[in-house]
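Residue-level structure breakdown
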Amino acid sequence: MKDFNPLEKRVFKYKNPALEFFCPLCRTKRGFLYSPKMKLKNWMYVIYATIFLVMALYPFWELKSFFVFFVVWGVVEFSVRQLFKREIPCPHCGFDASWYRRDVTIARKKVEEFWKNKGLFPTKVK
Ligand SMILES: [Zn+2]
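Cut-offs applied
Residues numbered from 1 in each chain as written. Predicted model: local features only at pLDDT ≥ 70, side-chain atom pairs only at ≥ 80, totals over all residues. Heavy atoms only, no water. Helix = DSSP H or I, 4+ residues; strand = E, 2+ residues; numbered from the N terminus. Buried < 20%, exposed > 50% of the residue type's maximum accessible area, 1.4 Å probe, protein only. Phe/Tyr/Trp six-rings, centres within 6.5 Å; stacked < 30°, edge-to-face > 60°. Lys NZ or Arg CZ within 6 Å of the ring centre and 35° of its normal.

Along the polypeptide, T28 turns up in the loop between β1 (19-22) and β2 (29-32). With a relative accessible area of 0%, T28 lands in the buried category. The spacing of T28 and P91 is 63 residues in sequence and 9.7 Å in space, taken between C-alpha atoms.

Quick look at the structure:
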């Protein structure tokens, strides 16, 4: 197993990845496009969307329409987290670090399922 090379060659390189690491299961280099935290770009989006919605709602709700800021913030923060979560499972081996932290047996099943779907899981891994 010593001369097993990382599978780096087939990896798509991301421009300015938010996070770079090696998959602990298959040793492929991974890159995340999205960060789980709100960036300046996301805050600008929240502010622009709020201004637009306040302008639209002000005739009806007046000062209460500024409450829309919290709704927009919640929606943007939620979608930023969803985009990050979608990237966690390794596309090369199916290893899901978030499941590994919560429940190792489920993480193992997910890897097994991944290889079964590829038709490449001949034996049981202990
Ligand atoms: Zn992997």
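So, next bit.
On to the packing of aromatic side chains, then. Counted under the stated rule, the structure contains 9 aromatic pairs. Relative to F70, the ring of F69 has its centre 5.3 Å away and its plane inclined at 75 degrees; by these criteria the two rings are edge-to-face. Judged by its relative accessible area of 25%, F69 falls in the partly exposed class. Residue F70 is classed as partly exposed on the basis of its relative accessible area, which comes to 49%. Arranged with centres 6.5 Å apart and planes meeting at 35 degrees, the rings of F70 and W73 form a pair that is tilted. With F70 and W73 both in helix α2 (residues 68-87) and 3 residues apart, this pair spans about one turn of that helix. Put simply, the rings of W43, F67, F69, F70 and W73 pair up and form one aromatic cluster. When the ring centre of W99 is taken as origin, the NZ or CZ atom of R102, which lies over that ring, is 4.3 Å away.

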